[in-house]
Amino acid sequence: MRIKVFVFVYAFIMFFANTPFAETNEVDKFLFNENPQFINNLKALDINDSETDILNEDYNILLINFWATWCSPCVEEMPSLNHLQSKFKKNQLKIVTIATGRNNPNKILDFFKKYNLTYLENYRDPKGKLALDLGVIGLPFSIIISKDKKDIGRLIGPINWSKKEVEDLFLELINEQEYN
């Protein structure tokens, strides 16, 4: 009898402790750096295999999202990431996606077309070198970079980028950069 009660209580706790049932603020999932480190290299390949240094572009905030076509949480969050970019001018917030590892360029293009990801720029890191250099430990993985090229925050795992609190966070970050 004790075992049945234990199993019932355990199952009850696990059911209600499950994250879909918990109210979480997406912004609380970000890890912000107290001592942001300078980033001097963000070279990735575009879809035509040309190397590009993403840091050489104009923006107040750069958000880099590492993902893969085979990563289901990555696939799930990508439309909301596209939605977030649609809310900002690219010189305010520039969102760049980098497919890391072995991702077929045609599959990437098909994926962007299928989900109508027209606001996002996509690059590739086929050997995972950039991801390794930046300390990417899983997918999806996002890095927030300031206009002075410092790694100011990170996010491990997926979120709903289209939530109001996320948009407000980026508005605040953009405003901080404009007045610095």
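Preceding this section is the structure that the text describes.
Remember, predicted model here, so these are calculated numbers, not experimental data. (Residues numbered from 1 in each chain as written. Predicted model: local features only at pLDDT ≥ 70, side-chain atom pairs only at ≥ 80, totals over all residues. Heavy atoms only, no water.)

(A) Spotlight on the pattern of salt bridges. As enumerated under the stated definition, the model contains seven salt bridges in all. The closest approach of N and O atoms between glutamate 26 and lysine 29, which form a salt bridge, is 2.6 Å. When the shortest N-O distance is used, the salt bridge between aspartate 168 and lysine 164 registers 2.8 Å. Of the two residues, aspartate 168 and lysine 164 are both situated in helix H5 (residues 164–178); the distance of four residues between them amounts to about one turn of the helix. By relative accessible area, aspartate 168 is classed as partly exposed at 32%. Within this structure, Lys90, Lys94 and Glu121 form a network of salt bridges that share partners. (Salt bridge = Lys/Arg side-chain N within 4 Å of Asp/Glu carboxyl O. Helix = DSSP H or I, 4+ residues; strand = E, 2+ residues; numbered from the N terminus. Buried < 20%, exposed > 50% of the residue type's maximum accessible area, 1.4 Å probe, protein only.)

(B) The state of the cysteines, seen in detail. With the rule as written, the count across this model stands at one disulfide. Between cysteine 71 and cysteine 74 runs a disulfide, and the two sulfur atoms are separated by 2.3 Å. Disulfide cysteine 71-cysteine 74: the torsion about the S-S bond is 75 degrees, which places it as right-handed. Judged on exposure class, the residue cysteine 71 and its partner cysteine 74 are both buried. (Disulfide = S-S within 2.5 Å.)

(C) Summary view of unusual backbone geometry. A cis amide bond links leucine 139 with the next residue in sequence, proline 140, at an omega value of -10 degrees. With respect to the helices, strands and loops of the structure, proline 140 is situated in the loop between helix H4 (129–133) and strand S7 (141–146). Even without being glycine, aspartate 49 reaches a positive phi, approximately 70 degrees. Note that aspartate 49 resides in the loop between strand S2 (43–45) and strand S3 (51–53). A residue is classified by how much of its surface remains accessible, and aspartate 49, at 48% relative accessible area, is partly exposed.

(D) Up close: the packing of aromatic side chains. Under the definition given, this model contains eight aromatic pairs. Seen in terms of ring centroids, phenylalanine 111 and phenylalanine 112 are 6.2 Å apart; in terms of plane orientation they differ by 70 degrees. Their pairing is edge-to-face. No difference in accessibility class separates phenylalanine 111 from phenylalanine 112, as the two residues are buried. Members of the aromatic cluster, joined through ring pairs, are Phe30, Phe32, Trp161 and Phe170. (Phe/Tyr/Trp six-rings, centres within 6.5 Å; stacked < 30°, edge-to-face > 60°.)

(E) Spotlight on the nonpolar core. Counting residues in hydrophobic clusters, the biggest one holds 30 residues, and the most contacted among them are Leu63, Leu84, Leu93, Trp161 and Phe170. Elements supplying a minimum of two residues to this core: strand S4 (61–67), helix H2 (72–86), strand S5 (93–100), helix H3 (105–114), strand S8 (150–156) and H5. Leucine 93 has contacts with Ile61, Leu63, Leu84, Gln85, Phe88, Phe170 and Ile174, leaving out every residue within four places of it along the chain. Grouped together as the second largest cluster of nonpolar side chains are 19 residues, Leu55, Leu62, Ile64 and Leu130 included. (Core = buried A, V, L, I, M, F, W, Y, C linked by side-chain atoms within 4.5 Å. Contact = heavy atoms within 4.5 Å.)

(F) Structural context of the pairing of S8. Burial within S8 is extensive, with five of its seven residues counted as buried. Where strand S1 (residues 31–38) and S8 come together, four bridges link them in antiparallel fashion. Paired with leucine 31 across the bridge in S8 is arginine 154. For S7 and S8, the ladder comprises five bridges, and the chain directions are antiparallel. Residue pairing across strands places isoleucine 143 opposite arginine 154, the latter belonging to S8. A loop of three residues connects S7 with S8, the two strands running antiparallel in sequence, and lysine 149 in this loop sits at a positive phi of about 65 degrees. (Pairing = 2+ DSSP bridges.)

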